[in-house]
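# Reading the structure
Chain by chain, the residues run as shown.
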Amino acid sequence: MTSTGSGAGERRPQAGLPRRTGGAAARARLRARRLPREAAPGPGDGPGPHGDSAAGRRRPATPGPDTPGILPDGVLPAPGVPTVRSSPSVPYPGAAGEESLVDRTQGSLFDVVRVAIAMLDTSGRVVLWSPAAEDLLGWPSELLVGRRIEELMVDEQRVEATREAFRTAVRTGSWKGLAQLRNRDNAMVTVEARISLLVDGDGTPFLLAALAEARTLQAVERDLAVRDALFEQSPLGIAVLDAELRYTAVNQTLADMNGVMAEDHVGRTTGETLPERAADEITVIQRQVLATGEPVIDVTLASPVTARAGGYRSVSYSRLTDRAGKVLGISGTVMDVTDRYRAVAKVEHARRRLALLNEFGSRVGDLLDASRIAQELASAVVPQLADFAAAILLQAVAHGDDLPRHGHDRRTSLLQLGVAAVQDGEEVEVMLRRGARITFAEESCYGRVLRTGVPELLSGADELEDATYPGDPKVRAALELGTHSMLVVPLRARGLVIGLLVVSRAGRREGFDRDDLAFSVELADRAGSSLDNARLYARERTAALTLQRTLLPQQVPQPTGVEVAYRYVPGSSGTEVGGDWFDVIPLPGDRTALVVGDVMGHGLRAAATMGRLRTAVRVLAALDLPPDVLLRHVHELTDDLAQGPDEALLATCVYAVYDPATGRLVVAKAGHIPPVLVVPPIIGPARSGSPLPGGVGQVLDLPSGAPLGVGGVAFESVELQIPEGSILALCTDGLVESRDKDLDVGLGRLQSVLEKPYVSIQHACEAVLDTMEQGREPDDVALLLARLGRGEEGARTVGWTLPAEPTAVSRARRLVRGALTDWGIEELTDTAELLVSELVTNSVRYASAPIGVRLTFGDTLLVEISDPLPDPPKERHAEEADEGGRGLELVRRLALRWGARAEGMGKVVWFEQELPGKEPNQE
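Below is a summary of the structure that appears in this document. Note that the structure is a prediction, hence the values are computed from the model and not measured. (Residues numbered from 1 in each chain as written. Predicted model: local features only at pLDDT ≥ 70, side-chain atom pairs only at ≥ 80, totals over all residues. Heavy atoms only, no water.)

So, on to the overall build of the chain. When helices and strands are counted, the chain shows 26 helices and 32 strands. In the chain, of all internal contacts separated by at least 6 residues, the share reaching a separation of at least 24 is 66%. (Helix = DSSP H or I, 4+ residues; strand = E, 2+ residues; numbered from the N terminus. Contact = heavy atoms within 4.5 Å.)

If you want it as structure tokens, here you go:
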């Protein structure tokens, strides 16, 4: 269809439409009755592609031959009739530059649903055709005003239906239905029509037809239906609030959730609708969303007190804007998540309980002390489970004794070893005093749980008073603290009740339930196993310590010329006792043997092996063997001293012999750490008990030797000349070894400590132990300090060297007689001369080198005969006819003590005589 045009203001008949009838007066009357253009502006107003101007207007195209019609409600378009909407044609001419009464930049529903207005007379003639109608169908008012609307119909059937619609509107005042009108592009447009009867001031009737595109209306109606369904039928609470955060609409679900009627929400804020505490939290979220535009999704809050008690709800808010971006308010959805929250809380509660069990297991897994385990148990449940807790154990468990075989009664001794509380005070001290002895009646709650092993839950003051015995101060203190719920759970091990776990809650905290009781039983069972392990360990460790202490020296002698101090420290509670030992052995001639050793391993076997090894060393020391020879003999005994054929004995040892008369020290070691020697700055007499002046220390460089039981390395002795007053330190590796440092670091620390001055040698021992490294291996420690001096004060010594000739015998007798006369002990002369004569005779007979004779006058008279012959003398029984063999027998019979020892390349044979007026000292 094409349009034709002429000059401005010229109108030609449109092709396909009948020529309009009536003159200029009729047209003027119709134009006078048209609404002002300013009252109903259309999208074509003003200059532009669709606007008219005085310079020229686009003429409408000639319509096609089809005649459209109007359909009443429920009548569908005829098949085959096109329904494609055309684009808006040339709009009605309007005054360019006129200002609209409505701001068209703001979008609204009218932009979506365009309502076209047409004014008709009762015969269906168009009196007014609005710009919206021009936009809808494309026909300008110049072409339709004064013509019948029937001209847009398709066939006579629709024309008749249209006329019937007009008659109905005149008769009833209104009509509505669907219609199909032909647009300017000759396409059919289905519209929904509303016809109303109007009467002007002169009584002339007119018909007002409101037309809207049916498809758009149906879409809007569908959207509104969906909105109504979602809003009213949604299981979620929905609210719409304006820019002042006042409710404009809420659905019934939200009204029920808030406990406030839906109409009471409208016009009110959240703070005016809900309780203050709940409203404050929600208002903060609403203001945030309104200000920022960022939606808030699934925030869980407690339900208001007007709603479900103890419930929770999830709220989500988003900002509402119109099509132009103007903020209208916010919308929100509310969902009751009480069941979900409680399910999640239950899972989280179970997770925390499991984490508590795991944490408690890790904290007590390596503990072997019942008191510490009890304290950890009480601390683990406060405050997570209870306000107050006490771990009560049988005395046998606490002390590592055997469990009682009889049932528990009121005489059962219980100790409260683990306590924990959320507060302090006098009442708490009365109720939870650590170490308190617990008493109870046999028919009380404590008595029943101990006897049956069945846990109990106590609630209320009456049940709590039955916990122990009537009038118990601990129960009264618990009630004064507000305790209202208590669990008494047995601590079990090996099917026996070994104690009680008592937990209680006070104040506003909820009472215990069955879940709490089940969890407490699980926790108590784990603690019971750990407590029983600690008891067994304590029993074994006590037995090992007892054995070890009985095998260690009970009384350490203070030999002549040597001041001794010692310390023994068992391993920490995390390990068993070891096989460390020390010994001080007096030897003939006022000499002293100092021994420190360490048997590899821990426990009863190591302690027993240590005792056997110490006994072997003492027996061999009595033979007065050189240190290297003694270690060799001990090594040869290791197979017999081992626990079994498959368990080799491994031990380290250092053996030193000191002679105060000469100041000589002979040392040998078997795989042991070397001794430390500290020489004083001024050499002089060292009295027993005098202060230590300090000095310069050194680690003695000795042949290491192999540990006892290894073999393959010969033991060697080293002889040293020791300045008077020097300090010799022997120790085991537990004192100087650590996990992350070299052994030399520990020895250097020991040396530096001993180089300082101390009040006494005992204080020096304490100082050494105080500086032990904290990260050291938890091993036993044996420490032996010896201040090496000279012989006893007042003791006198004299010696001679005689040639290996027969005359040496008579000369030796004269020298001994003279010395004894000078010392005023002539009573010993006859016996001493006889025994010296026999021993010198043996040396002259078998030796070919000089013979030494030495006399020492102290507590006894000591006579020593030395010669270069290494073979010791052998005592034998002489027959009556034998001329010899009676010398050593005489020495054995007449001397107080006698013996022989190796010295250098030769030997020394010695004997002692008791001084006159002294009782024999039977050692």
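The subject of this paragraph is the pairing of strand 6 (residues 205-213). Relative to strand 6, strand 2 (residues 115-121) is paired through seven bridges, and the arrangement is antiparallel. Paired with Met119 across the two strands is Leu208, which belongs to strand 6. Taking the residues that link successive antiparallel strands as the turn, the strand 5 (residues 188-199)-strand 6 hairpin has five residues, and the phi of Gly203 there is positive, at about 90°. (Pairing = 2+ DSSP bridges.)

This part is about helix 22 (residues 743-754). Counted at 1.5 Å a residue, the expected span for helix 22 with its twelve residues is 16 Å, and the 17 Å between its end C-alpha atoms agrees. Within the span of helix 22, buried status applies to Gly746, Leu747, Arg749, Leu750, Gln751, Val753 and Leu754. N-cap assignment for helix 22: the residue whose side-chain oxygen lies 3.1 Å from the backbone N of Asp744 is Asp742. (Expected span 1.5 Å × (residues − 1). Buried < 20%, exposed > 50% of the residue type's maximum accessible area, 1.4 Å probe, protein only. Polar contact = N/O pair within 3.5 Å; in protein donor to acceptor, adjacent residues only side chain to side chain.)

Counted according to the given criterion, the structure contains 37 salt bridges. Note that Arg352 and Glu348 form a salt bridge whose closest N and O atoms lie 3.8 Å from each other. Of this pair, Arg352 and Glu348 are both found in helix 11 (residues 338-364), four residues apart, which corresponds to roughly one turn of the helix. Residue classification places Arg352 among the partly exposed positions, given a relative accessible area of 45%. In this structure, Arg854 and Glu864 form a salt bridge, with 2.4 Å as the shortest nitrogen-oxygen distance. Taken together, the residues Arg854 in strand 29 (residues 851-857) and Glu864 in strand 30 (residues 860-867) connect sequence positions ten residues apart. For the residue pair Arg854 and Glu864, the accessibility class agrees, reading buried in each case. Linked by salt bridges that have partners in common, Glu160, Glu164 and Arg167 make up one network. (Salt bridge = Lys/Arg side-chain N within 4 Å of Asp/Glu carboxyl O.)

If you look at the biggest cluster of nonpolar residues, it comprises 57 residues, and the most contacted ones within it are Tyr446, Val488 and Leu491. Elements represented by at least two residues in this core include exactly helix 11, helix 12 (370-381), strand 12 (388-394), strand 13 (414-421), helix 15 (445-452), strand 16 (483-493), strand 17 (496-506) and helix 18 (514-551). Ranked by residues supplied to this core, first place goes to helix 18 with eight residues. Contacts of Leu491, omitting those with residues within four sequence positions, involve Leu377, Ile392, Leu393, Leu496, Val497, Ile498, Gly499, Leu500, Leu501, Ala524, Ala527 and Leu531. Membership of the second largest hydrophobic core comes to 51 residues, among which are Ala593, Leu625, Leu649 and Ala651. (Core = buried A, V, L, I, M, F, W, Y, C linked by side-chain atoms within 4.5 Å.)

Attention now goes to the side chain of Thr638. The residue Thr638 is located in helix 21 (residues 638-641) in this model. One polar contact links the side chain of Thr638 to the main-chain carbonyl oxygen of His635, over a distance of 2.7 Å.

Turning our eyes to something else, we now look at the packing of helix 24 (residues 807-823) against helix 25 (residues 829-846). Running from N to C, helix 24 and helix 25 cross one another at 150°; their axes reach a closest spacing of 9 Å. Comparing their axes, helix 25 and helix 24 come out roughly antiparallel. Crossing handedness for the pair helix 24 and helix 25: right-handed. The segment helix 24 lies against helix 25, with Ala808, Val809, Ala812, Arg813, Val816, Arg817 and Leu820 engaging Thr829, Ala832, Glu833, Val836, Ser837, Val840, Thr841 and Val844. Residues belonging to the contact of helix 24 with helix 25 are distributed by class as follows: nine nonpolar, three polar and three charged. (Axes fitted to C-alpha atoms, helices over the stretch in contact; angles between N-to-C directions. Parallel < 35°, antiparallel > 145°, perpendicular 65-115°, else oblique. Left-handed = near helix turned anticlockwise from the far one by under 90°. Nonpolar A, V, L, I, M, F, W, Y, C, P; charged D, E, K, R; others polar.)

Another point: unusual backbone geometry. Residue Pro383 is bonded to the preceding Val382 through a cis peptide linkage, with omega at 0°. Inspection of the secondary structure puts Pro383 in the loop between helix 12 and strand 12. Of note, Arg494 is a non-glycine position whose phi angle comes to about 55°, a positive value. Its location among the elements puts Arg494 in the loop between strand 16 and strand 17.

Strand order in this open sheet of five strands is 18-27-26-23-24, and the pairing throughout is antiparallel. Two strands in the sheet have a free side with no partner beyond their single neighbour: strand 18 (562-569) and strand 24 (696-699). On average, adjacent strands in this sheet sit at an angle of 15° to one another, irrespective of strand direction. Here strand 23 (residues 676-679) runs beside strand 24; their pairing, made up of four bridges, is antiparallel. Directly across from Val679, in strand 24, lies its bridge partner Val696. Docked against the sheet, helix 23 (residues 761-770) engages strand 18 and strand 27 (781-788), running at close to 30° with respect to strand 18.

With that settled, the discussion passes to the side chain of Arg535. As for its placement among the helices and strands, Arg535 is situated in helix 18. Ignoring any residue separated from it by four or fewer positions in sequence, one finds Arg535 in contact with Ala396, Val397, Gly400, Asp401, Asp402, Leu403 and Arg494.

Here Leu650 is to be found in the loop between helix 21 and strand 21 (651-659). Assessed through its relative accessible area of 35%, Leu650 is described here as partly exposed. C-alpha separation for the pair Leu650 and Thr638, spaced twelve residues apart in sequence, amounts to 8.1 Å.

The next subject is a nonpolar patch on the surface. Side chains of Met600, Leu650 and Val710 sit close together on the surface and give an oily, nonpolar patch of about 260 Å² of accessible area. As for its placement among the helices and strands, Val710 is situated in the loop between strand 24 and strand 25 (718-721). (Patch = residues over 30% accessible without salt bridge, like charges linked within 9 Å, V, L, I, M, F, W, Y side chains within 5 Å. Areas by Shrake-Rupley, 256 points an atom, 1.4 Å probe, with all protein chains shown as cover.)

Let us now look at empty space enclosed by the protein. Per the stated rule, a full pass over the model turns up five cavities of 30 Å³ or more. Within this model, the largest cavity holds a volume of roughly 180 Å³. Elements that contribute at least two residues to the lining of the largest cavity include exactly strand 12, helix 17 (473-480) and strand 17. Taken together, the residues that form the lining of the largest cavity break down as 13 nonpolar, three polar and two charged. (1 Å grid on protein atoms, 1.4 Å probe; cavity = no way out; pocket = protein on both sides within 12 Å on 5 of 7 lines; lining within 4 Å. Points joined across faces, edges and corners; volume = space filled by probe spheres on them.)

Moving on: the packing of aromatic side chains. Inspection of the entire model under this criterion finds three aromatic pairs. Centroid distance Tyr312 to Tyr341: 3.7 Å. Interplanar angle 25°. Geometry classified as stacked. Within this pair, whereas Tyr312 is found in strand 10 (residues 312-321), its partner Tyr341 is found in helix 11, the two being separated by 29 residues in sequence. Centroid distance Trp823 to Phe857: 5.7 Å. Interplanar angle 20°. Geometry classified as stacked. Of this pair, Trp823 sits in helix 24 while Phe857 sits in strand 29; the two residues are 34 residues apart in sequence, bridging distant segments of the chain. An identical accessibility class is assigned to Trp823 and Phe857; each is buried. Over the aromatic face of Phe519 sits the side chain of Arg353, whose NZ or CZ is 4.7 Å from the ring centroid. (Phe/Tyr/Trp six-rings, centres within 6.5 Å; stacked < 30°, edge-to-face > 60°. Lys NZ or Arg CZ within 6 Å of the ring centre and 35° of its normal.)

For Phe388, the position within the fold is in strand 12. For the pair formed by Phe388 and Ala420, sequence separation is 32 residues and the distance between their alpha carbons is 5.8 Å.

At a minimum axis separation of 11 Å, helix 11 and helix 18 run at an interaxial angle of 15°. Relative to helix 18, the element helix 11 is oriented roughly parallel. Once helix 11 is placed against helix 18, the crossing between them reads as right-handed. From helix 11, Arg353, Leu356, Leu357, Asn358, Phe360 and Val364 reach across to helix 18, where they touch Asp515, Asp516, Phe519, Glu522, Leu523, Arg526, Ala527 and Ser530. A class-by-class count of the residues in the contact of helix 11 with helix 18 yields seven nonpolar, two polar and five charged.

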